[in-house]
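Topology and contacts: notes
Listed here are the chains, written in short residue letters.
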Amino acid sequence: MRPHGAGTGGGGVGRRKAGAAAAAASREWMVVPASGPARVEEAGKHAVMARTGLPARDLRVLDPLLSYPSTILGRERAIVVNLERVKALITAAEVLLPNSKDPAFARFVRDLQSRVLASSSDQAAELTDMEGESSAVASPFPVPSSSKGHEVEMTKKTTAVVPEMTSSTSMPNLAIAKDGNTKVLPFEFRALEVCLESACRSLEEETSTLEQEAYPALDELTSKISTLNLERVRQIKSRLVAISGRVQKVRDELEHLLDDEMDMAEMYLTEKLTQQEFSEASSRVEVDDPSQTEEDRDEEYRSEPDGSNGSFIGYKPNIEELEMLLEAYFVQIDGTLNKLSHLREYVDDTEDYINIMLDDKQNQLLQMGVMLSTATVVITAGVAVVGLFGMNIGISLYNPATEEETRAANRKFWETTFGTVAGCMILYIIAMGWGKRSGLLQ
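Residues numbered from 1 in each chain as written. Predicted model: local features only at pLDDT ≥ 70, side-chain atom pairs only at ≥ 80, totals over all residues. Heavy atoms only, no water.

Under an unreviewed UniProt entry, the name given to the chain is Magnesium transporter, and the source organism is Miscanthus lutarioriparius. The Subcellular location (unreviewed entry) comment attached to the chain in UniProt states, word for word, "Membrane". (UniProt positions renumbered as here; feature names shortened; annotations may be inferred.)

Digging into the pattern of salt bridges
All chains considered together, the criterion is met by 22 salt bridges. Taking the shortest distance from any N to any O, the salt bridge between Glu-206 and Arg-246 comes out at 2.9 Å. Of the two residues, Glu-206 sits in helix α6 (residues 187-223) while Arg-246 sits in helix α7 (residues 227-259), which places them 40 residues apart along the sequence. We classify Glu-206 as partly exposed; its relative accessible area is 21%. Each of Asp-111, Arg-115, Glu-193, Glu-197 and Arg-201 takes part in salt bridges that share partners, so that together they form one network. (Salt bridge = Lys/Arg side-chain N within 4 Å of Asp/Glu carboxyl O. Helix = DSSP H or I, 4+ residues; strand = E, 2+ residues; numbered from the N terminus. Buried < 20%, exposed > 50% of the residue type's maximum accessible area, 1.4 Å probe, protein only.)

Considerations on the pairing of strand β4 (residues 79-83)
For β4, the buried fraction is high: five of the five residues fall into the buried class. On β4, burial covers both faces: Ile-79, Val-81 and Leu-83 on one face and Val-80 and Asn-82 on the other are all buried. Hairpin connection from strand β3 (residues 71-74) to β4: four residues lie between these consecutive antiparallel strands. When β4 meets strand β5 (residues 86-90), the two strands line up antiparallel, connected through five bridges. Each bridged residue has a counterpart across the sheet, and for Ile-79 the counterpart in β5 is Ile-90. Connecting the antiparallel pair β4 and β5 is a turn made up of two residues, with Glu-84 showing a positive phi of about 55 degrees. (Pairing = 2+ DSSP bridges.)

A few points about the UniProt feature "transmembrane region" (unreviewed entry) in the chain
Here, the residues flagged by UniProt with the feature "transmembrane region" (unreviewed entry) are residues 370-393 and 413-434. In residues 413-434, the share of helix is 100% and the share of strand is 0%. The end C-alpha atoms are 32 Å apart.

Observations concerning a nonpolar patch on the surface
There is a patch of nonpolar side chains on the surface, built from Leu-65, Leu-66 and Tyr-68 and spanning about 330 Å² of accessible area. Note that Leu-65 resides in the loop between α3 (56-59) and β3. (Patch = residues over 30% accessible without salt bridge, like charges linked within 9 Å, V, L, I, M, F, W, Y side chains within 5 Å. Areas by Shrake-Rupley, 256 points an atom, 1.4 Å probe, with all protein chains shown as cover.)

Re helix α12 (residues 403-438)
For the α-helix, the turn length of 3.6 residues means that residues three or four positions removed from each other point alike. The terminal C-alpha atoms of α12 lie 53 Å apart, and with 36 residues this matches the ideal 52 Å at 1.5 Å per residue to within 8%. Listed as buried for α12 are Ala-408, Ala-409, Thr-420, Cys-424, Met-432 and Gly-435. Buried-residue contacts for α12 involve α11 (320-389). (Expected span 1.5 Å × (residues − 1). Contact = heavy atoms within 4.5 Å.)

Quick look at the packing of aromatic side chains
Two aromatic rings, taken as a pair, are described by how far apart their centres are and by the angle between their planes. Per the counting criterion, the structure on display carries three aromatic pairs. Look at Phe-189 and Tyr-268: their rings are 4.7 Å apart centre to centre, the planes differ by 90 degrees, and that puts the pair in the edge-to-face class. Within this pair, whereas Phe-189 is found in helix α6, its partner Tyr-268 is found in the loop between α8 (261-266) and α9 (269-288), the two being separated by 79 residues in sequence. Ring geometry for Tyr-215 and Tyr-346: centres 5.0 Å apart, planes at 65 degrees, overall edge-to-face. (Phe/Tyr/Trp six-rings, centres within 6.5 Å; stacked < 30°, edge-to-face > 60°.)

Things to note about the sheet that holds β5
An order of β2-β1-β6-β5-β4-β3 is seen for the six strands of this open sheet, with the pairing classed as antiparallel. Both edges of this open sheet fall to β2 (39-43) and β3, since each of them pairs with a single strand only. Direction aside, neighbouring strands of the sheet carry axes that sit 25 degrees apart on average. With two bridges joining them, β5 and strand β6 (residues 94-98) adopt antiparallel strand pairing. In the strand pairing of β6, Ile-90 is matched with Val-95. Across the sheet, helix α2 (residues 45-52) touches β1 (27-33), β2, β5 and β6, and the angle it forms with β2 is around 115 degrees. Across the sheet, α6 lies against β1, β3, β4, β5 and β6, angled at about 175 degrees from β5, the strand it touches most. (Axes fitted to C-alpha atoms, helices over the stretch in contact; angles between N-to-C directions.)

Regarding the confidence of the model for the chain
Here the chain shows a mean pLDDT of 75. Residues at 70 or above account for 69%. Contacts of residues 1-9 to residues separated by more than four positions or lying in other chains number one contact, the stretch itself having pLDDT below 50. Contacts for the low-pLDDT stretch residues 124-175, under 50 throughout, to residues beyond four places or in other chains number 90 contacts. (pLDDT = per-residue confidence, 0-100.)

With respect to the side chain of Glu-41
One can find Glu-41 in strand β2. Here Glu-41 falls in the buried class, since its relative accessible area comes to 2%. Within polar-contact distance, the side chain of Glu-41 engages the side chain of Arg-51 at 2.9 Å. (Polar contact = N/O pair within 3.5 Å; in protein donor to acceptor, adjacent residues only side chain to side chain.)

A short note on the environment of His-256
Positionally, His-256 belongs in helix α7. Judged by relative accessible area, which is 41%, His-256 ranks as partly exposed. When the C-alpha atoms of His-256 and Ile-72 are compared, they prove to be 9.7 Å apart, with 184 residues separating the residues in sequence. Within the structure, the side chain of His-256 is placed 3.3 Å from the side chain of Asp-263, a separation counted as a polar contact.

A look at the packing of α7 against α11
Running from N to C, α7 and α11 point in directions that differ by 150 degrees, and their axes come no closer than 9 Å. Considered as vectors, α7 and α11 are oriented roughly antiparallel to each other. As α7 runs across α11, the sense of the crossing is left-handed. In terms of residue class, the contact of α7 with α11 is made up of 16 nonpolar, three polar and eight charged. (Parallel < 35°, antiparallel > 145°, perpendicular 65-115°, else oblique. Left-handed = near helix turned anticlockwise from the far one by under 90°. Nonpolar A, V, L, I, M, F, W, Y, C, P; charged D, E, K, R; others polar.)

In structure tokens, the structure reads:
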């Protein structure tokens, strides 16, 4: 039998492993509510799933250890945003952001909070006379049944904060003008706009920085081809390919949303929540009204959207305002992609120009090689003449008997030498003339 002390130690190890696993499953989230300051909360995956109604596969999109392309997902109670460095879960009342120590993240949180608070202040001033008519929206978030400490704490904060925030955000509060009329955007679209603006601004800044470095480097390469300049252009081209791919992914995602009306309709969280409450209130009134027959109730029930399970079958909100919002940032990201395309064309033109210059240099080297080869052949002819005279054969030219024969021998030697050199030069000139006439040389 196992000793009691050993069993106790094994249980302690198991508890420590379980605690470590629970701590690993939890993470810090920056919560930006519709009203009030941002705060940091620690929550596990199950608590976030219960708070937002998202499946686990959607939360994996925000995992920093995994690489996912740019994605915007519209779900029943939340919008999942993964655009470049911007990762967010947007509900009808708050935004959940994976906490980070990146300075760009702090800047994004400040922009998001300032935009939300400014819009809330504008709405409070506009709706002062309508407070008696507006009704509070109940919290869309169920209380999780988890027994873990951090999840219970998050649940308590959620149930205490969300009703207060939803009551102040039951109506959208960002005004847009169209045809002289003023309409306000819901909270989720204001948060989505900040996410899109941050992603587009980040890509635009990287593109501008790349342009400032690329054009001077390319111009310098055309003026002077060197190893250092070629290496700089190679690095710039690598960055250009990477940024172009990221911009293209964001553009494709926005284009996909604009082409799919159902996906855009899913992103109307506040309107779906209001419609669900209206449907429930109508159902209660119908049940309490004794004057209606069962057939009338069935007819009205079939004509209303089904909000009991969150599906809202047959409910199609007016997506024009979201379409205008996405279209604006689609145009902006498309402009950034056009800048990168122009830069890519400039790089390709520079490469073509460099290749032409290198081909010209190569042609010049080939011509020089042909000239040197021709000169070698001609000189070889002169060497052959020298070799003939260098043979060890006894002739009278090498053994003059008198002074007159010596002078004659010297004269013949110089005549032969100059004749050989002149013959080689004539042969070289003839060879060069034939090469240029035939087009082999320039």
